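Here is what each chain is made of, one letter per residue.
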Amino acid sequence: MSVRHYVLAATDGFIELPTSPDLPPVGTERRKVYVFGFVGGLFKVNNKVINEDLNWTNPSNWPKFKDLIGTATIPSPMVWGETGDRVYITLINLGMPTAGIMDAHTVHMHGAHVATQLDGFPESSFGVPMWMDFDKAPPVATYLFDTEHPGTYMYHCHVEASEHVQMGMYGALVVYPSMKSLELVGIRKLCNGSWVYKGKLQDHISETATNRNFAYNDIRSYFNKEYIMLLSDIDTRWHDSVQTGGNFNPIDFKPDFWLVNGRAFPDTLLPHPLTPIEGSNKDVSQLNYESYVHVKTGELFLLRMINMGYQVVPWHIHGWHFAVIGKDANPSPFLKISETLGLHAHEGLERGFTATIGSGETFDLLIEAEDKRPQYRNYIVNGQDCISSLCNQMHKIKNIDPNVIANIPTEPVNINNIDTVNYVDICDEPSTVNDNFFPQFYPMHNHDDYKATNNGVYPGGQLTYIQTDAPEQKCEKKNHGSCPENYCILGI
Ligand SMILES: [Cu+2]
């Protein structure tokens, strides 16, 4: 059990949204949008200070807090803990100077079962007033969230929620199982790194896995990688109106930008600016807002879908079917039913290729990046059923118009140097195990396809990619000792 203490400071700022489908340097024209948000993050864990700058009781930090005014972006910092932790969030109000708004703010931990006084609904609790004099300590309030249930949550300001939420005052809130809570349901990690469930070895679980590779206290909620997909929508007229002191009627809401983790395509493909640098403390780097999903064939990956927008999102995923393993921080009842019936892996769960996510809802979608090479390659390279191979067809098309064959980035996009692959290249490679079949790319997007636009320009908005690489080279082990190279085989 840990005490995790976050400090969030409410203020305003600007985001810049793309207006064309081109990545910089081609797509340089941006739409500047005024936003509200929280800045700050994890202050300390137990007695270990993670970021001393967030210590609001230290007068030498007061000018640093002043410097944070106007730096808000979307989304707000990630907040997370493990089952049994106490999560504290201290709220400071730096004000919204661009709009001259001196409103109070709150933190509402959406989905948390907390007392009315801690719920952040100001009409039945309180708001935190603006810090006026930076020579004196700020007015603060500290919220408490006892992390009883693992799952995907969110937090947001609840003061004049129609406006403050639209303006961007929200972030992801995640609770992992703890080693202890896993043990209570029979999931244990042995000293040699192996995992067992009710005494039975679980070969598919990596030796490097921790309790933070489970979404719930359930063996079937294990994942290799996880991604937050925080969805929201922006009506720039409303934002402009708040910035200039206008009088926007919320019933006139008509969004023109749709965001994933605060960004619209093609920015969704780029490294996220809020991601901590590699090698940082696990307490701050466990989760991030990357929206470009990058996995290996054979891996299980979790999409933590959160809708903070005002519109329902039909989130469609190409390539594979997902299994719904949880909704609103509650594990799917089918996890237990599937286990009781002795069904394999994720059989028996609610599955699909489009999840309809309303405002304020969260879904935990688990996907296995299955290896379908043999099935796909046969037709693409060899042809079948008297139909010429896709390679032959693509060669003919290429001869007629080379521009219609896409060049696709081979790595998470680096804007300075975009390496691309052209799938006709696969055809020129010998069809072996080490072929040129990877990476594979699948889009996922809002299937109200007009919302995969930026102010009407397609493609844009709520659209991103899943990149799948070749399966990991896996060792066949005779024992738990070191594994000589000749025992390594390609496979999953
Ligand atoms: Cu607010």
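What counts, and where the lines are drawn
Residues numbered from 1 in each chain as written. Predicted model: local features only at pLDDT ≥ 70, side-chain atom pairs only at ≥ 80, totals over all residues. Heavy atoms only, no water. Helix = DSSP H or I, 4+ residues; strand = E, 2+ residues; numbered from the N terminus. Rg over C-alpha atoms; globule rule 2.2 N^0.38 Å. Buried < 20%, exposed > 50% of the residue type's maximum accessible area, 1.4 Å probe, protein only. Contact = heavy atoms within 4.5 Å. Lys, Arg positive; Asp, Glu negative; His and termini not counted. Charge placed at Lys NZ, Arg CZ, Asp CG, Glu CD. Polar contact = N/O pair within 3.5 Å; in protein donor to acceptor, adjacent residues only side chain to side chain. Salt bridge = Lys/Arg side-chain N within 4 Å of Asp/Glu carboxyl O. Donors = N, O, S within 2.8 Å, 3.2 Å for Na, K, Ca; no water. Pairing = 2+ DSSP bridges. Axes fitted to C-alpha atoms, helices over the stretch in contact; angles between N-to-C directions. Arc of directions from axis to C-beta. Core = buried A, V, L, I, M, F, W, Y, C linked by side-chain atoms within 4.5 Å. Parallel < 35°, antiparallel > 145°, perpendicular 65-115°, else oblique. Nonpolar A, V, L, I, M, F, W, Y, C, P; charged D, E, K, R; others polar.

Identification of the chain as Multicopper oxidase from Clostridium gasigenes is taken from an unreviewed UniProt entry.

**Q** Would you take a moment to explain the overall build of the chain for this structure?
**A** Along the chain, the regular secondary structure elements total nine helices and 28 strands. A compact globule built from 492 residues should have a C-alpha radius of gyration of about 23 Å, and the chain, at 24 Å, falls within 12% of that. Across its three principal directions, the C-alpha atoms of the chain cover 75 × 60 × 40 Å. Put simply, the chain has 492 residues, and 50% of those count as buried. Taking the contacts inside the chain whose residues are at least 6 apart along the sequence as the reference set, 72% of them involve residues at least 24 apart. Counting 36 positive and 56 negative side-chain charges, the chain places the averaged centre of each group 6 Å from the other.

**Q** Teacher, can you tell me more about the side chain of Asn93 here?
**A** Looking at the element boundaries, Asn93 is found in strand 5 (residues 86-93). Only 3.0 Å separates the side chain of Asn93 from the backbone oxygen of Val128, close enough to count as a polar contact. If we ignore the near neighbours within four places in the chain, the residues touching Asn93 are Ala10, Asp103, Ala104, His105, Val128, Pro129, Met130 and Trp131.

**Q** What is the right way to read helix 4 (residues 236-243) from this model?
**A** Given 3.6 residues per helical turn, the α-helix brings residues three or four places apart onto the same face. Taken residue by residue, helix 4 has Thr236, Trp238, His239, Ser241 and Val242 as its buried positions. In the segment just after helix 4, Gly245 is the residue with positive phi, at about 75°.

**Q** I'm lost on the pattern of salt bridges in this one. Help?
**A** Between side chains of opposite charge, a pair can form when the charged atoms approach closely. Across all of its chains, the model carries 16 salt bridges by this definition. Its salt-bridge partner being Asp283, residue Arg4 comes within 3.0 Å of it at the nearest N-O pair. With Arg4 in strand 1 (residues 3-18) and Asp283 in helix 5 (residues 282-285), this pair connects stretches of sequence that are 279 residues apart. Given the relative accessible area of 2%, Arg4 is considered buried. Salt-bridge contacts for Asp448 lead to Lys451; the nearest nitrogen and oxygen are separated by 2.8 Å. Its relative accessible area of 25% is what places Asp448 among the partly exposed residues. Residue Lys451 is classed as buried on the basis of its relative accessible area, which comes to 5%. Connected via shared salt-bridge partners are Lys198, Asp218, Lys336 and Glu339.

**Q** In this structure, what is going on with the coordination of the copper ion? I would like to understand it.
**A** Geometry reference: four tetrahedral donors at a metal, ideal angle 109.5 degrees. Six octahedral donors, ideal angles 90 or 180 degrees. Protein coordination at the copper ion comes from His105 (ND1), Cys157 (SG) and His164 (ND1), with a distance range of 2.0 to 2.1 Å. Of note, the donors binding the copper ion are all from one chain and are spaced H-x51-C-x6-H. For Cys157, a relative accessible area of 0% puts it in the buried group. Note on His164: relative accessible area 0%, which makes it buried.

**Q** It is not clear to me how the pairing of strand 25 (residues 440-446) should be interpreted in this structure. Could you clarify?
**A** Side-chain direction in a regular strand flips from residue to residue, so the side chains alternate between the two faces of the sheet. In terms of burial, strand 25 is a largely internal element, six of the seven residues being buried. Sheet topology places strand 17 (residues 313-317) next to strand 25; three bridges connect them, and they run antiparallel. Paired with Trp315 across the two strands is Asn446, which belongs to strand 25. Strand direction decides the pairing type here: strand 25 and strand 26 (residues 463-469), joined by six bridges, are antiparallel.

**Q** Honestly, the sheet that holds strand 25 in this entry has me stumped. Any pointers?
**A** In a beta sheet, neighbouring strands are held together by backbone hydrogen bonds and run either parallel or antiparallel to one another. Read across the open sheet, the five strands follow the order 15-26-25-17-21; overall the sheet is mixed. Both outer strands of the open sheet, strand 15 (293-296) and strand 21 (354-357), are each paired with one neighbouring strand and no more. Neighbour-to-neighbour, the strand axes of the sheet open up by a mean angle of 20°, direction not taken into account. Relative to strand 21, strand 17 is paired through four bridges, and the arrangement is antiparallel. Following the sheet pairing, Val313 is matched in strand 21 by Ile357.

**Q** When you look at helix 7 (residues 373-382) in this model, what are you seeing that I'm missing?
**A** Looking at helix 7, one finds that the buried residues are Arg373, Arg377 and Ile380. With its buried residues spanning 75° around the axis, helix 7 presents them on a single face. Along helix 7, exposed side chains directed more than 90 degrees from the buried face belong to Pro374, Gln375 and Asn382. For helix 7, the elements touching its buried residues are helix 8 (390-400). Directly beyond the C-terminal end of helix 7, a positive phi value near 85° is found at Gly383.

**Q** Help me understand unusual backbone geometry, please; the structure alone is not making it clear to me.
**A** Most peptide bonds take the trans configuration, and most residues that are not glycine carry a negative phi. A cis geometry characterises the amide bond from Ile74 onward to Pro75, with omega recorded as -5°. Residue placement: Pro75 occurs in the loop between helix 1 (62-67) and strand 4 (79-82). Note the cis peptide between Tyr458 and Pro459, where omega equals -10°. Locating Pro459 in the fold gives a position in the loop between strand 25 and strand 26. For Glu160, which is not glycine, the phi dihedral falls at a positive 40°.

**Q** Just to check I follow, could you spell out the nonpolar core for this structure?
**A** Nonpolar side chains in soluble globular proteins tend to be buried together. Core analysis: the largest hydrophobic core is formed by 78 residues, its most contacted members being Phe38, Ile89, Val107, Met109, Phe145 and Ile228. Among the elements that line this core, the one with the most residues is strand 2 (residues 30-45), at seven residues. Excluding residues that lie within four positions of it along the chain, Phe38 makes contacts with Leu8, Ala9, Ala10, Ser76, Pro77, Leu91, Thr106, Val107, Tyr155, Cys157 and Met169. Listed in part, the 24 residues of the second largest apolar core include Tyr227, Leu231, Val293 and Ala369.

**Q** How should I be thinking about the packing of helix 7 against helix 8 in this particular structure?
**A** Relative orientation and spacing of two packed helices are given, respectively, by the angle between their axes and the distance between those axes. The contact between helix 7 and helix 8 brings their axes to 4 Å, and the two run at 50°. Classified by the interaxial angle, the pair formed by helix 7 and helix 8 is oblique. Contacts between helix 7 and helix 8 pair Tyr379, Ile380 and Val381 from the former with Leu390, Cys391 and Gln393 from the latter. For the contact of helix 7 with helix 8, the class distribution of residues is five nonpolar, one polar and no charged.

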